Amino acid sequence: MHEMSIALSIVEAIESKAREEGAGSISGIELVIGKLAGIEPESLKFCFSAAAKGTLAEEALLNIEEPEGVGECGECGRRFPVSFYYAECPDCRSLRVKIVSGEEFLIQSITIEDQEGE
Amino acid sequence: MCDTCGCSTEGGAVLRKPGESDYHVHVTESSHGDSHHHQGDAHDHGHTHEHGHHHHERKSRTIALEQDVLQKNNLLAERNRGYFEARNIYALNFLSSPGSGKTSLLEKIIPALQKNVPVAVIEGDQQTTNDAERIQALGVPVIQINTGSGCHLDALMVNSAVKELELKDNSLLCIENVGNLVCPAMFDLGEALKVVIISVTEGDDKPLKYPTMFHEADICILNKIDLLPYVDFDVRQCRENAMRVNHHLEWFEVSAKTGEGLGVLQEWIENKLKKR
Ligand SMILES: Nc1nc2c(ncn2[C@@H]2O[C@H](COP(=O)(O)OP(=O)(O)OP(=O)(O)O)[C@@H](O)[C@H]2O)c(=O)[nH]1
Ligand SMILES: [Mg+2]
Ligand SMILES: [Zn+2]
Ligand SMILES: [Zn+2]
Ligand SMILES: [Zn+2]
Ligand SMILES: [Zn+2]
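Note that the coordinates shown come from a computational prediction; the quantities given were computed from them, not determined experimentally.

Novice: Would you mind going over the packing of helix α1 (residues 71–86) of chain B against helix α4 (residues 155–164) of chain B with me for this structure?
Specialist: How two helices sit against one another is set out by the angle between their axes and by the gap between those axes. Residue and element names in this part refer to chain B. Where α1 contacts α4, the axes come no closer than 8 Å and their chain directions differ by 30°. Note on packing geometry: the crossing formed by α1 with α4 is left-handed. Counting all contacts with α1, which are made through Asn73, Leu76, Ala77, Asn80, Tyr83 and Phe84, the residues of α4 involved are Ala155, Leu156, Val158, Asn159 and Val162. Here the contact of α1 with α4 is composed, by residue class, of eight nonpolar, three polar and no charged.

Novice: What am I meant to see in the pattern of salt bridges here?
Specialist: Opposite charge on two side chains lets them pair, provided their charged atoms get close. Scanning the model with the defined rule gives 19 salt bridges over all chains in all. A salt bridge links Glu21 of chain A to Arg61 of chain B; the shortest N-O distance between them is 3.2 Å. With Glu21 of chain A in the loop between α1 (2–20) and β1 (23–33) and Arg61 of chain B in strand β3 (residues 60–68), this pair bridges two chains. We classify Glu21 of chain A as partly exposed; its relative accessible area is 28%. Residue Lys209 of chain B is joined to Asp205 of chain B by a salt bridge in which the shortest nitrogen-to-oxygen separation is 3.5 Å. For Lys209 of chain B, a relative accessible area of 54% corresponds to the exposed category.

Novice: In this structure, what is going on with the domain arrangement of chain A? I would like to understand it.
Specialist: Where interface size is quoted, it is often the accessible area lost as the parts come together. Residue and element names in this part refer to chain A. For chain A, the domain assignment lists domain 1 (1–67 + 102–118) and domain 2 (69–101). For domain 1 versus domain 2, the distance between C-alpha centres works out to 31 Å. On the side of domain 2, seven residues touch domain 1, which itself brings six residues to the contact. Looking at the side of domain 1 facing domain 2, the largest losses of area belong to Leu36, Gly102 and Glu103, adding up to 83% of the total buried there. Run the count over domain 1 and domain 2 and you get zero salt bridges. Here domain 1 and domain 2 share one residue pair in polar contact (both at pLDDT 80 or more) between them. Considering only residue class, the side of domain 1 that touches domain 2 consists of two nonpolar, one polar and three charged.

Novice: I'm lost on the sheet that holds strand β8 (residues 193–199) of chain B in this one. Help?
Specialist: Residues and elements named next belong to chain B. Spatially, β2-β1-β6-β5-β7-β4-β8-β9-β10 is the arrangement adopted by the nine strands of the open sheet, whose pairing is mixed. The open sheet terminates on both sides in strands that have one partner only, identified here as β2 (20–26) and β10 (250–253). Each adjacent strand pair in this sheet contributes to an overall mean axis angle of 20°, direction not counted.

Novice: Would you take a moment to explain the site of ligand 1 for this structure?
Specialist: All names here are of chain B. The immediate surroundings of ligand 1 are formed by 20 residues, with Lys102, Thr103, Ser104, Asp226 and Ala256 found nearest. In this structure, an oxygen atom belonging to ligand 1 sits 3.0 Å away from a side-chain N or O atom of Lys224. Relative to its free-state accessible area of 650 Å², ligand 1 is covered by the protein chains to the extent of 72%. Elements that contribute at least two residues to the shell around ligand 1 include exactly α2 (102–113) and α3 (130–136). With three residues, α2 is the single largest residue contributor to the shell around ligand 1. The residue makeup of the shell around ligand 1, split by class, is three nonpolar, nine polar and eight charged.

Novice: Got a minute to help me understand the coordination of the zinc ion (ligand 4) in this structure?
Specialist: All names here are of chain A. Only Cys73 (SG), Cys76 (SG), Cys89 (SG) and Cys92 (SG) from the protein reach the zinc ion (ligand 4) as donors, at distances of 2.3 Å. Of note is the zinc ion (ligand 4), whose four donor atoms meet at the metal with angles of 101 to 122° in an arrangement that counts as tetrahedral. Along the chain, the residues donating to the zinc ion (ligand 4) fall in the pattern C-x2-C-x12-C-x2-C. Of this pair, Cys76 sits in the loop between β3 (69–73) and β4 (79–82) while Cys89 sits in the loop between β4 and β5 (97–101), and the two are 13 residues apart along the sequence. The class of Cys89 is buried, set by a relative accessible area of 0%.

Novice: Would you mind showing me how to read the side chain of Ser171 of chain B here?
Specialist: All names here are of chain B. You can see Ser171 is positioned in the loop between α4 and β7 (172–176). Look at Ser171 and you get buried, because its relative accessible area is 1%. Apart from residues lying up to four places away in sequence, Ser171 is in contact with Asn88, Ile89, Tyr90, Val117, Pro118 and Arg276.

Novice: Is there a simple way to explain the interface of chain B and chain A in this structure?
Specialist: Between chain B and chain A, the contact holds 36 residues from the first and 41 residues from the second. Interface of chain B and chain A: buried area, both sides summed, is about 3,600 Å²; carbon and sulfur atoms make up 53% of it. Along the contact surface separating chain B from chain A lie three salt bridges. Of the charged contacts, one joins Lys72 of chain B and Glu12 of chain A as a salt bridge, the two residues approaching to 2.6 Å between their closest N and O atoms. Seen at the junction of chain B and chain A, the total is 13 residue pairs in polar contact (both at pLDDT 80 or more).

Novice: I keep staring at α2 of chain B and nothing clicks. Help me out?
Specialist: In an α-helix, one turn spans 3.6 residues; hence positions three or four apart end up facing the same way. Taking 1.5 Å as the rise per residue, α2 of chain B with twelve residues should run 16 Å; its terminal C-alpha atoms sit 16 Å apart, in good agreement. Within α2 of chain B, the full set of buried residues consists of Lys102, Thr103, Leu105, Leu106, Ile109, Ile110, Ala112 and Leu113 of chain B.

Novice: When you look at the nonpolar core in this model, what are you seeing that I'm missing?
Specialist: Soluble globular proteins tend to pack their nonpolar side chains together in the buried interior. If you look at the biggest cluster of nonpolar residues, it comprises 36 residues, and the most contacted ones within it are Ile6, Ile26 and Ile29 of chain A. Mapped by element, the contributors of at least two residues to this core are α1, β1, α2 (41–51), β2 (61–65) and β6 (105–114) of chain A together with β3 of chain B. For this core, the leading source of residues is α1 of chain A, giving seven residues. Once you skip the residues sitting within four places of it in the chain, Ile29 of chain A turns out to touch Ile14, Phe48, Ala60, Leu61, Leu62, Asn63, Ile107, Ser109 and Ile110 of chain A.

Definitions and cut-offs
- Residues numbered from 1 in each chain as written.
- Chains lettered and ligands numbered in written order.
- Predicted model: local features only at pLDDT ≥ 70, side-chain atom pairs only at ≥ 80, totals over all residues.
- Heavy atoms only, no water.
- Axes fitted to C-alpha atoms, helices over the stretch in contact; angles between N-to-C directions.
- Helix = DSSP H or I, 4+ residues; strand = E, 2+ residues; numbered from the N terminus.
- Left-handed = near helix turned anticlockwise from the far one by under 90°.
- Contact = heavy atoms within 4.5 Å.
- Nonpolar A, V, L, I, M, F, W, Y, C, P; charged D, E, K, R; others polar.
- Salt bridge = Lys/Arg side-chain N within 4 Å of Asp/Glu carboxyl O.
- Buried < 20%, exposed > 50% of the residue type's maximum accessible area, 1.4 Å probe, protein only.
- Domains from an automatic or database assignment.
- Buried area = accessible area lost by both parts, 1.4 Å probe.
- Polar contact = N/O pair within 3.5 Å; in protein donor to acceptor, adjacent residues only side chain to side chain.
- Pairing = 2+ DSSP bridges.
- Near = heavy atom within 4 Å.
- Areas by Shrake-Rupley, 256 points an atom, 1.4 Å probe, with all protein chains shown as cover.
- Donors = N, O, S within 2.8 Å, 3.2 Å for Na, K, Ca; no water.
- Tetrahedral: all angles 85-135°; square planar, octahedral: opposite > 155°, others 65-115°.
- Expected span 1.5 Å × (residues − 1).
- Core = buried A, V, L, I, M, F, W, Y, C linked by side-chain atoms within 4.5 Å.

Dropping the structure here:
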């Protein structure tokens, strides 16, 4: 299941960042997963809790922003919402559509708790 | 624990060679693909996590990362790509659902391609060295990556495998990914081109059902066309569906069984090799 290997790589990336910052723990994570990115947010959340066990991110809350797919017509330039890769321009019916949004898959930010007194 | 060698590595991918039952290398990160056997230190996540034992006021800070989740894989894939380019090795990543005919196709085209260019193969499967054995019978260097529970190859596995294979300069490297139409598309291996294979027994709407794979691919090969008389499969419709997802796709129709269409495919690959 690829969501598991992805969850592990997220944990690894944020742990290394948190350590760099001298954090005691990670309390929140903001992810951006476009609707066309091919990742199931629910499945990822499920895997994340397993992947984060015993790490700085064990108690982190996962917040996922899911930008909609937006296509741009290669013929007439119109922008319109798309839910698949095989979109068709609603104006000129062209299939030469470039995806301009919805493929994002980013770790936007993390919220860390300082290691006070420890 | 690893059943084969008893080392402490948990899960993860293992490299194998057909006919060499004691050859067995774990893909580990510590060595960044140097594949030192039993380098257990990468797995030492031995940090303790002392949360809230001191009941002090804690200060929260938000830190921006804006980092691609697949960044680590992408960076390593770029290193593979740089290595391939420097040595003029042309790498193809073959993707399909299980059983579409990736290995059969390699068995058929490699003997022909081999006359003009040295070929090597990386085989990806969850278990067994069956496919590597089939390739080894052709007399080309081959290594098997067993991904265990993993459903795709990643750049680290390929990086390790490449170090175990003695690749020649100016050669062709065929990488057969794990049979799976979903996530192998997300993991860049450093290849020059992605080749997606579908067979006529799978339904002509495959490209619409699994658009990501077809969107990422450079070449689409329709295989098993010898079976067309026996199945309800509209080749034109399938091609149209594939083109809707990705209008840059190069399209081929072949039978790995009868050899039909393989000449055209071979010529196309040879042209690419000349132009690189
Ligand atoms: N009729 C026919 N059968 C084929 C053709 N190509 C492959 N096959 C058969 O399809 C089955 C699967 O072929 P493989 O080459 O092992 O497929 P694969 O994609 O490598 O499979 P995995 O590695 O398991 O994902 C075998 O029984 C092949 O003999 C073809 O062109 N025509
Ligand atoms: Mg195979
Ligand atoms: Zn998967
Ligand atoms: Zn248009
Ligand atoms: Zn072992
Ligand atoms: Zn996978």
